[in-house]
Amino acid sequence: MKVSKKNYWLYTLIFMGLVACLYGIFLLTVKSFIWEGDGLAQHYPVLEKFYTWLHSGSLSGWSWNLGLGADKMTTFSYYVLGDPFSYLIWFFPKHSIEMGYNLLILLRLYVSGLAFMLFARQRHFKPGSQMLGTLTYTFTGYSLYVSIRHPFFLLPMILFPLLAYGIDHVYRGKTWVPLAVFTGLALISNFYFAYILAIGSLVYAILRYFNVRETIAQKGWPLIIKLVGAGLAGFLLAGIIFIPSLIGVLTSTRATGNFANGYFIYPFSYYLRLPNALVTTGNAMRFWANLGLAGLTFLSLMYVVRHARRYLWFDIGLLILVIGSLLPEVAAVMNGGTTPSQRWLLLGCLAFSLAVMYFIDALPRIDRSDLSAMIVGTLFLLVLVWAANGFIFSNHTHDLVVYGLLLLTLGAIVVGHFYQWSRHRVIWTLLGLLCLNIVANGYGYFSPNSGGASNQLLTRGVASKFQKNFYDGAEKYVKQQPGFNRSTISKYYYYSNEAKTNMGMNLGAHDIMSYFSIQDGSVGDFSEELANSQFKMNKPINQADNRTTMSNLLGTKYIFARSNQLKTQSFPYGYTPVKKKGSVLLYKDQPVHDLGNNYDTAILKSKYALPLAYLQTSQLSQKQFKQLNGSDKEQALTYGALVDHPAKGVPTTTYHSQSRTLKYQTRTDNSTVLDSLKQVMKFRQQGNQMDPDKVTTTKTSLMKTNQDRSVNITNDKARLQRLTGQNRAALQQNNRANRQTLHKLISDNQNHPVTYQLHLKQPQQAKGTELYLELDGIQAERFSVADKYQAAKNTKAFSNQAFTGIARMNQLRSAIWNQSDGAYSVTATTADNVTSFNQLGQSNLSDYQEKHHVLLNLGYSDKNRQNIKLTFKGVKSLSFKSAKIVAVPFGRQYGQRMTKLQKQGLQHLTVKDNRVTGTSRSNQASVLTTSIPYNTGWHLTVDGKEQPITKVNVGFVGARLAAGNHRITLTYRTPGQRLGMVMTLLGAVILLIVGGYHYWWQRRRR
């Protein structure tokens, strides 16, 4: 016991020292631990909102500040509700939430080591082995990576050794209560973690059983009953959070993901990168394959593999890990049948550290053949890295330090063996080298001089300042307005459509944007049905593409815009700047380091935004609605409600489209294409560049890019004629394909995308309309390795430069290592608007969905528009079955229709977290129509009598109302919460009874 306690204290001291060295670098870089990606967009604002709920409010029920509105428990169960460490944020002052965010990361990291040490103690490893195993587990490359990317991913690192401890506890004939408790914690922590940990625990239990079956006190059914009973008790214990979150997951947008993103095997470049990812950090590695093993861990793995007979079942587990890391199908299964993410390899961290303890315990037994195997294995790894790099060692300099530490560790083991060092001396030597290795691995992620992940972290204080000043204070005006109102930001308010979409939830402006891993599937259905080009599984609405009618249907009354956008960018019809004393009301820019937009903020107000709840006196035909395109569908919803089941007594209206398909001519911009010798000469004269924004014609630049200072084409004329002829022929063929309408966008033989102009034949038809570019049957042609190689070769010829043998090899290496995953973007530009859409690549592990149909909003304008400029990038070509320009007119009729619906809004509307009330008046049967996301937790009473709700307008709460005056009350209760509470109480009672009985029995035996 004394040795064990000493180990805990020693671990604590070493942990503090390593943290000071590892994370102390952030003092030098003046960085926080908040990643500029999901850290700022999700984790920090979620923690701040959670802090607010802890201090005032409830952790369950409905919140109107989560996008269009969402269940608190369902949405936040993925992040903080099941994380016991998150509750500690309560003790921090509000101005120190960012500091709390950082400290809680270190606390989770520390506890993961304690959990592993508890597991290691029960397995009776020697104290030195326990210490080295614990450190390799606590500071694995995976842990270091997630600590600054997704901190709550440290939770399974704590839970898995605890689950393994519980399983071993049962195998030793002791009580199953710890396993039940840890199972409950795993199920509460996060449904995703629970799923991975359940599979990992099952595999561990099976392999461990076969390893220790000779020593197990109870076997057969008694053992199975204990294990299953512990799992069931844990399931009951977790019910209060797990049941609601499970219901939310099953009805979320994620339920539609593609298995393994369509991969049969990973891209070849993935396999090439794997060898170098084993013991190094900081190298870009797709699919979350973050290993970063210490040199000692690598050598230990070679030892246990060599002694497969002794560690048979352990090695079978390693084999499963290896095979799983190579096959996307395994990763997809471990991710619930969705993406091929290797996050599940966190389970391997336990196995890797077990190998370390096996090896350290076996140090007295190692012989020369073991040492020879480790030497050969290390050399084989280095050769493999060299070969995978294309037979060059072009790694980052920092990798050399890591490989040097691997060799030093190997050298220490060899020297210790031949010079017969004492076990004490060997362990302390290995401990010192391991600590150096851990620091080096950490610097691979954290140091701007190596991997540079710290360059993607925010400067200290920036996150909290950006959260506070996201709208420059303009949200104060919106919050002061009477009634319930929603808002959003303009496109490119922060120079990107991919805005930090959760900032608004802490500012009270009811921003429609949201970015969560669990999003209500009904909201996603609505967004997809109306062909919202901004739809993603994690961001189903975003800014609603700033479409006029969609924004009004969602009740978006206010748009925050940069002041310089007011005269340069079109806005939805009916949205006009808010004025004060005759001048546009502007909120002074509140600059935020690296994140601000450098302009004041203006507010645009809609005349036609619909209230949260209103009456529709007509309903639409489901059959007709399904036949409409996205722009007509949103217009149709202003004429009548779309009801899942026909509303009795409510007349059905037939929608008549007023939109027009405009004729246009496709014009190819070949000004930057090298399709003639004259163009080649111009290209060389401009410093081997045709992009007018990048042209350089100084003597120095010409000397650098044309080494022989020649811009003539007398040399190599035949080849240049052939290459320019290829481009000319491709353009001619493309022009024929696009003769009637746009059908294909292509790149030239340098892989530069060609720009196109869609020239409207009757530009006056676009006046007073919102224009849409509707692309159907989209097919992308990716760049192959051969395409990239040939393009580089062609560019060298055009540039009058030699394509040497070494240049060819380097280009081939680059093309193989950077294979296209199909990601691309298309940008459309008009005289007063810029908009775009993105197809995420197949390797995207959050939102990948292949787009075959896009409806891109080109904006509203009361002026003529003649030209639409189209550019694309990322792929070789894009082809379409059809490309239409659709003009949707807006004017007096639209205004009258929307004003009528506004007047049919519920009177005396009151909106609270879990309750919406109001009164309705109608002389005929009607449909109660809302923009409240449909959720079975909503319950309706009309005049005090309960009435069933139905889904309206694809994704929202609605109901049929009889004619007359009615008192309407909508109340919300989290689905599954009552059942979950009963299950948790039952589970707690069972554990108390079993635990009490076991305690009594143990006392009696003594």
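Before any of the text, the structure's been laid out above.
From a predicted model like this one, the values you see are computed outputs, not experimental measurements. (Residues numbered from 1 in each chain as written. Predicted model: local features only at pLDDT ≥ 70, side-chain atom pairs only at ≥ 80, totals over all residues. Heavy atoms only, no water.)

Draft legend 1. Summary view of the sheet that holds strand β32 (residues 950–952). If you trace the four strands from one edge of the open sheet to the other, you get β12-β29-β33-β32, paired in antiparallel fashion. Looking along the sheet, the strands with just one partner apiece sit at the ends: β12 (613–616) and β32. Strand-to-strand twist across the sheet, computed as the mean angle between neighbouring axes with direction ignored, equals 40°. Sheet topology places β12 next to strand β29 (residues 926–933); four bridges connect them, and they run antiparallel. Bridge pairing in β29 links Leu615 to Leu928. (Pairing = 2+ DSSP bridges. Helix = DSSP H or I, 4+ residues; strand = E, 2+ residues; numbered from the N terminus. Axes fitted to C-alpha atoms, helices over the stretch in contact; angles between N-to-C directions.)

Draft legend 2. Summary view of the pairing of strand β34 (residues 964–972). In this sheet, β34 lies alongside strand β28 (residues 915–922) in antiparallel orientation, the contact comprising eight bridges. Bridging from a neighbouring strand, Ser922 pairs with Gly964 of β34. Taken together, the five bridges between strand β30 (residues 938–942) and β34 define a ladder with antiparallel strand orientation. For Leu940, the partnering residue across the bridge sits in β34 and is Leu970.

Draft legend 3. Main features of the packing of aromatic side chains. Taken as a whole and assessed by the stated rule, the structure comprises 75 aromatic pairs. A ring pair is formed by Phe470 and Tyr471, whose centres lie 5.0 Å apart and whose planes are at 70°; its orientation type is edge-to-face. In this pair, the class of Phe470 matches that of Tyr471, namely buried. Between the NZ or CZ atom of Arg343 and the centre of the ring of Trp288, over which it lies, the distance is 4.5 Å. (Phe/Tyr/Trp six-rings, centres within 6.5 Å; stacked < 30°, edge-to-face > 60°. Buried < 20%, exposed > 50% of the residue type's maximum accessible area, 1.4 Å probe, protein only. Lys NZ or Arg CZ within 6 Å of the ring centre and 35° of its normal.)

Draft legend 4. Region of interest: empty space enclosed by the protein. Within the structure shown, the criterion is met by 10 cavities of 30 Å³ or more. In this structure, the largest cavity occupies an estimated 140 Å³ of space. Along its surface, the largest cavity is lined by 14 residues, and His43, Val80, Tyr101, Arg108 and Pro151 are the ones closest to its centre. Of all the secondary structure elements, the ones that give two or more residues to the lining of the largest cavity are α3 (38–55) and α5 (97–122). Here the lining of the largest cavity takes five residues from α5, the largest share from any one element. For the lining of the largest cavity, a count of residues per class yields nine nonpolar, three polar and two charged. (1 Å grid on protein atoms, 1.4 Å probe; cavity = no way out; pocket = protein on both sides within 12 Å on 5 of 7 lines; lining within 4 Å. Points joined across faces, edges and corners; volume = space filled by probe spheres on them. Nonpolar A, V, L, I, M, F, W, Y, C, P; charged D, E, K, R; others polar.)

Draft legend 5. Molecular detail of the pattern of salt bridges. The tally for this structure, following the rule as stated, stands at 14 salt bridges. In this structure, Lys491 engages Asp545 in a salt bridge whose closest nitrogen and oxygen atoms are separated by 2.3 Å. Separated by 54 residues along the polypeptide, Lys491 in the loop between β5 (486–489) and α23 (521–529) and Asp545 in the loop between α23 and α24 (548–553) bring together distant segments of the chain. Owing to a relative accessible area of 4%, Lys491 belongs among the buried residues under this scheme. In this structure, the salt-bridge partner of Glu634 is Arg547, at a minimum N-O distance of 3.5 Å. A residue pair is termed long-range when its members are at least 10 positions apart, and Glu634 in helix α26 (residues 630–636) and Arg547 in the loop between α23 and α24 qualify at 87 residues. Using a relative accessible area of 0% as the deciding quantity, one classes Glu634 as buried. A single salt-bridge network, built from bridges that share partners, covers Arg123, Asp168 and Arg208. (Salt bridge = Lys/Arg side-chain N within 4 Å of Asp/Glu carboxyl O.)

Draft legend 6. Here's a closer look at the nonpolar core. Ranked by size, the top nonpolar core spans 197 residues in total, and within it Tyr23, Phe76, Leu135 and Phe139 carry the most contacts. Among residues more than four places away in sequence, those in contact with Phe139 are Phe15, Leu18, Val19, Leu22, Leu109, Leu144 and Ile438. Counting 40 residues, the second-largest nonpolar core is a separate cluster that includes Ile512, Ala641, Met898 and Val927. (Core = buried A, V, L, I, M, F, W, Y, C linked by side-chain atoms within 4.5 Å. Contact = heavy atoms within 4.5 Å.)

Draft legend 7. How the structure looks around the packing of helix α10 (residues 191–212) against helix α15 (residues 312–326). One way to put it is that α10 packs onto α15 with a least axis distance of 9 Å and a crossing angle of 155°. Between α10 and α15, the crossing angle belongs to the class labelled roughly antiparallel. Contact with α10, carried on its side by Val203, Leu207, Phe210 and Asn211, involves Trp313, Ile316, Gly317 and Ile320 of α15 and no other residues of that element. Its residues assigned to classes, the contact of α10 with α15 comprises six nonpolar, two polar and no charged. (Parallel < 35°, antiparallel > 145°, perpendicular 65-115°, else oblique.)

Draft legend 8. Here's a closer look at a nonpolar patch on the surface. Side chains of Trp221, Ile224, Ile225, Val228 and Leu232 sit close together on the surface and give an oily, nonpolar patch of about 560 Å² of accessible area. You can see Leu232 is positioned in helix α11 (residues 221–237). (Patch = residues over 30% accessible without salt bridge, like charges linked within 9 Å, V, L, I, M, F, W, Y side chains within 5 Å. Areas by Shrake-Rupley, 256 points an atom, 1.4 Å probe, with all protein chains shown as cover.)

Draft legend 9. Representation of helix α6 (residues 127–138) in the model. Taking 1.5 Å as the rise per residue, α6 with 12 residues should run 16 Å; its terminal C-alpha atoms sit 16 Å apart, in good agreement. With respect to burial, α6 is a largely interior element, 11 of its 12 residues being buried. By the burial criterion, the buried members of α6 are Gly128, Ser129, Gln130, Met131, Leu132, Gly133, Thr134, Leu135, Thr136, Tyr137 and Thr138. (Expected span 1.5 Å × (residues − 1).)

Draft legend 10. Main features of the sheet that holds strand β18 (residues 755–760). Taken in spatial order, the five strands of this open sheet run β16-β18-β24-β21-β22, and their pairing is antiparallel. Of all the strands in the sheet, the pair left with one neighbour each is β16 (664–669) and β22 (833–839). Neighbour-to-neighbour, the strand axes of the sheet open up by a mean angle of 20°, direction not taken into account. The pairing of β16 with β18 spans six bridges and is antiparallel. Bridge pairing links Thr668 to Tyr756 in β18.

Draft legend 11. The arrangement of the environment of Gly442 in detail. Checked against the element boundaries, Gly442 lands in helix α20 (residues 423–446). Given the relative accessible area of 0%, Gly442 is considered buried. Here the alpha-carbon distance between Gly442 and Tyr145, two residues 297 residues apart in the chain, equals 8.4 Å. If we ignore the near neighbours within four places in the chain, the residues touching Gly442 are Leu22 and Leu144.

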